[in-house]
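Here is what each chain is made of, one letter per residue.
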Amino acid sequence: MRAIFHVLGDNKAISAAEIKSTLEAEGIKYKILSGKDFFFDVMCDVGKLRSVGARLGLSRGVYWVIGWTSYDDITNALLAVLEENTDIILPIFSSLPRKSFAIKCVSQPGFCSVKRMEIEHLLGKKVKEIVPSATVDLRNAEVVITPIFGERVYLGIRVVAIDRKKFEERAHDKRPFSLPVSLHPKFARALVNLARTKRGEVFLDPFCGTGAIVMEAALVGARAYGCDINEAMVHGARANLEHFGVKAQVFRCDACSMAEVFDEVHAIATDPPYGRSSSTYGRDMLQLYAEFFDVASATLAREKYLAIVLCDEKLVELGKEYMRLVEVYRHRVHKSLTRYFCVYRVQ
């Protein structure tokens, strides 16, 4: 079956990579059929998509595709798709206590809002013809039927609507302890997913700082640990975790000594210091990263992943001396800062 993932516009390459890595972490086989602008068309087991959608940091929603058409005569084409799929629509409504539904279009920026209203109205009428007992509920519908305007026009059933407000509630300015350089929770979550973090497995952020990445790992169900050489960061991260009611363990430890604490971990995701003497405790940046990559490759279980944000292409190359570079994505923060979201794998 097919699914559409509706992604944010912050960095579409990282969004696509997050979708693939999360499907892998959840053990779901998939094939990317197309991906352009804000929509990714994926062949996969739709029955397992709720767990995937609940994890994503850089997406808006996930939809089960029941049909598709071209942009020619959109309204009539979508009405025909709906009518052709009554064998799907009727069983869905028969299982709903209130038989409530809504029609809500999703589209790329620039799609005519007037056309959306017309399509939603006419599709709603068609649903009522197919299921006379169905009732419209725009606020709390049991099923949301969604025309999706991407490369082509899809008709989908919403599987997951991702609550973007939850990520904003955990933003750095909402925490009791924060630093402006902290990753936004949506990117912290994406980094956790890029590491193919699995529920119940041991996750580590060895440069945990304020605890943003550790928090997101715990929220996806990992046994999350964080460490930092700075005692103030350790206390601050603990305060943040407690503030949001998230269970994870944070302690003081040099990242390059993590092998003394952990025999083996199953995923590492981290956003290390940028090399200022204050953040590296006076150590040479290249030496620090070389030691870290060496220890990380020894501490990670075989075939497991390190997802790391780097600030220099030299560091990206350095990591390849210790692990296999699986993927790297440029993310421009501002004109003087580009960050590299990298994923390495232990062989």
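Here, residues in each chain are numbered from 1, in the same order as that chain's written sequence. Residue-level local features of this predicted model are given only where pLDDT is at least 70; pairs of side-chain atoms are given and counted only at 80 or more, and the full residue set underlies all totals for whole chains, interfaces and linings. No hydrogens and no water enter the side-chain calculation; it runs on all heavy atoms of the structure.

Peer 1: Honestly, the overall build of the protein chain in this entry has me stumped. Any pointers?
Peer 2: Under the scheme used here, helices are H or I runs from DSSP no shorter than 4 residues and strands are E runs no shorter than 2 residues, and both carry numbers assigned from the N terminus. Counting its regular elements, the protein chain contains twelve helices and 16 strands. Each radius of gyration reported is based on C-alpha atoms, and the globular scaling rule is 2.2 Å times the count of residues to the power 0.38. Against the 2.2 N^0.38 benchmark of 20 Å for 347 residues, the protein chain shows a C-alpha radius of gyration of 23 Å, consistent with a compact globule. Its C-alpha atoms give the protein chain principal-axis dimensions of about 70 × 35 × 35 Å. For every residue, the accessible area (1.4 Å probe, protein chains only) is compared with the maximum for its type, and the residue is labelled buried under 20%, exposed over 50%, or partly exposed between those bounds. Relative to its 347 residues, the protein chain shows a buried fraction of 55%. Each accessible area is a Shrake-Rupley result for a 1.4 Å probe, and residues are judged covered by the shown protein chains and nothing else. As displayed, the protein chain offers around 15,600 Å² of accessible surface, 50% of which is attributable to carbon and sulfur atoms. Neither His nor the chain termini are counted; the positive set is Lys and Arg, and the negative set is Asp and Glu. A single reference atom marks each charge: NZ on Lys, CZ on Arg, CG on Asp, CD on Glu. Positive and negative side-chain charges of the protein chain, numbering 48 and 42 respectively, have mean locations separated by a distance of 4 Å.

Peer 1: Mind showing me how you'd approach the pattern of salt bridges here?
Peer 2: Pairs can form between side chains of opposite charge whenever their charged atoms are close. Think of a salt bridge as a Lys or Arg side-chain nitrogen and an Asp or Glu carboxyl oxygen that are within 4 Å of each other. Evaluated as defined, the whole model comprises 18 salt bridges. E231 serves as the salt-bridge partner of R252, at 3.7 Å between the closest nitrogen and oxygen. Of the two residues, R252 sits in strand β12 (residues 249–252) while E231 sits in helix α9 (residues 231–243), which places them 21 residues apart along the sequence. Among the ionic pairs, R345 bridges to E303, the shortest N-O distance being 3.1 Å. Of the two residues, R345 is situated in strand β16 (residues 337–345) and E303 in strand β14 (residues 300–310); the sequence distance between them amounts to 42 residues.

Peer 1: How should helix α11 (residues 285–299) be read in this particular structure?
Peer 2: The α-helix winds at 3.6 residues per turn, so residues separated by three or four positions along the chain end up facing the same way. Given the number of residues in a helix, its expected span is that number minus one, multiplied by 1.5 Å. For α11, with 15 residues, the first-to-last C-alpha span of 21 Å sits near the 21 Å given by 1.5 Å per residue. Taken together, the buried positions of α11 are occupied by L288, Y289, A290, F292, F293, V295, A296, S297 and T299. The N-capping residue of α11, defined by a side-chain oxygen 3.2 Å from the backbone nitrogen of L286, is D284. In the analysis that follows, any N or O atom pair within 3.5 Å is treated as a polar contact, provided that within protein one partner can donate a hydrogen and the other can accept it, and provided that, for residues neighboring in sequence, both atoms belong to side chains.

Peer 1: Explain the side chain of S15 to me, please; I cannot follow it from the model alone.
Peer 2: The residue S15 is located in helix α1 (residues 12–25) in this model. For S15, a relative accessible area of 1% puts it in the buried group. What makes two residues a contact is simply this: any of their non-hydrogen atoms within 4.5 Å. Once residues lying within four places of it in the same chain are set aside, the contact partners of S15 are V7, L8 and L58.

Peer 1: What am I meant to see in the packing of α1 against helix α7 (residues 185–194) here?
Peer 2: Each packed pair of helices is defined by two parameters, the angle between the axes and the distance between the axes. Their axes nearest at 8 Å, the elements α1 and α7 cross at an angle of 45 degrees. Relative to α7, the element α1 lies oblique. Considering how the two elements wind past one another, α1 and α7 form a crossing that is left-handed. For the pair α1 and α7, the contacting residues are I14, A17, E18, S21 and T22 in the first and F187, R189, A190, N193 and L194 in the second. Simply put, an axis is a line fit to the C-alpha atoms, just over the touching stretch for a helix, and the angle between two N-to-C directions goes from 0 to 180 degrees. The labels follow the angle: roughly parallel below 35 degrees, roughly antiparallel above 145, roughly perpendicular from 65 to 115, and oblique for the rest. Take the far helix as the reference: if the near one is turned anticlockwise from it by less than a right angle, the crossing is left-handed, and if turned clockwise, right-handed.

Peer 1: For this particular structure, what's the right way to read the pairing of β16?
Peer 2: The side chains of a regular strand alternate, residue by residue, between the two faces of the sheet. Judged by how many residues are buried, β16 sits mostly within the fold: eight of nine residues are covered. Each pair of strands is called paired provided DSSP finds at least two bridges between the two strands. As defined by bridge partners, β14 adjoins β16 across six bridges and the pair is classed as antiparallel. Bridging across to β16, L310 finds its partner in Y340. The sheet contact formed by strand β15 (residues 324–334) and β16 spans nine bridges and is antiparallel. For Y329, the partnering residue across the bridge sits in β16 and is F341. From the end of β15 to the start of β16, which pair antiparallel, there are two residues.

Peer 1: Explanation requested: the side chain of R189 in the structure shown.
Peer 2: Turning to its location among the elements, R189 is positioned in helix α7. The class of R189 is buried, set by a relative accessible area of 5%. Of note is the side chain of R189, whose polar atom sits 2.9 Å from the side chain of E216. When neighbours within four sequence positions are excluded, R189 is seen to be in contact with E18, A54, R55, L56, G57, F167, R170, E216, L219 and V220.

Peer 1: Help me understand the packing of aromatic side chains, please; the structure alone is not making it clear to me.
Peer 2: What characterises a pair of aromatic rings is the spacing of the ring centres plus the angle enclosed by the ring planes. Pairing of aromatic rings covers Phe, Tyr and Trp, the last through its six-membered ring, and needs centres within 6.5 Å; plane angles under 30 degrees mean stacked, over 60 mean edge-to-face, and all others mean tilted. Scanning the model with the defined rule gives nine aromatic pairs in all. Here the aromatic rings of Y225 and F262 are separated by 5.3 Å at their centres, their planes lie at 75 degrees, and the arrangement is edge-to-face. Residue Y225 is found in strand β11 (residues 223–228), and its partner F262 is found in the loop between β12 and β13 (265–270); the two are separated by 37 residues along the sequence. Overall, F262 belongs to the buried group, its relative accessible area being 9%. With a centroid separation of 6.3 Å and an interplanar angle of 15 degrees, the aromatic rings of F293 and Y322 are classed as stacked. Taken as a pair, F293 in helix α11 and Y322 in the loop between α12 (313–319) and β15 lie far apart in primary sequence, 29 residues in all.

Peer 1: Would you mind showing me how to read the nonpolar core here?
Peer 2: When a protein is soluble and globular, its nonpolar side chains tend to lie buried together. Take the buried residues of types Ala, Val, Leu, Ile, Met, Phe, Trp, Tyr and Cys, join any two whose side-chain atoms come within 4.5 Å, and each joined set is a nonpolar core. Counting 45 residues, the largest nonpolar core has F5, L49, I89 and F93 as the members making the most contacts within it. The contacts of L49, once residues within four sequence positions are left out, are A3, F5, L23, C44, V62, V159 and V160. Counting 35 residues, the second-largest nonpolar core is a separate cluster that includes L183, L191, I213 and A269.

Peer 1: I tried to follow the packing of helix α3 (residues 74–84) against helix α4 (residues 86–94) on my own but got confused; where do I start?
Peer 2: Across the interface, α3 lies against α4 with an axial gap of 5 Å and an inter-helix angle of 65 degrees. Here α4 runs roughly perpendicular to α3, going by the angle between their axes. Here α3 contributes L82, E83 and E84 to the contact with α4, which in turn contributes T86, D87 and I89. In the contact of α3 with α4, the residues fall into two nonpolar, one polar and three charged. By the convention adopted, Pro, Cys, Tyr, Trp, Phe, Met, Ile, Leu, Val and Ala count as nonpolar, Lys, Arg, Asp and Glu as charged, and the other residues, Gly among them, as polar.

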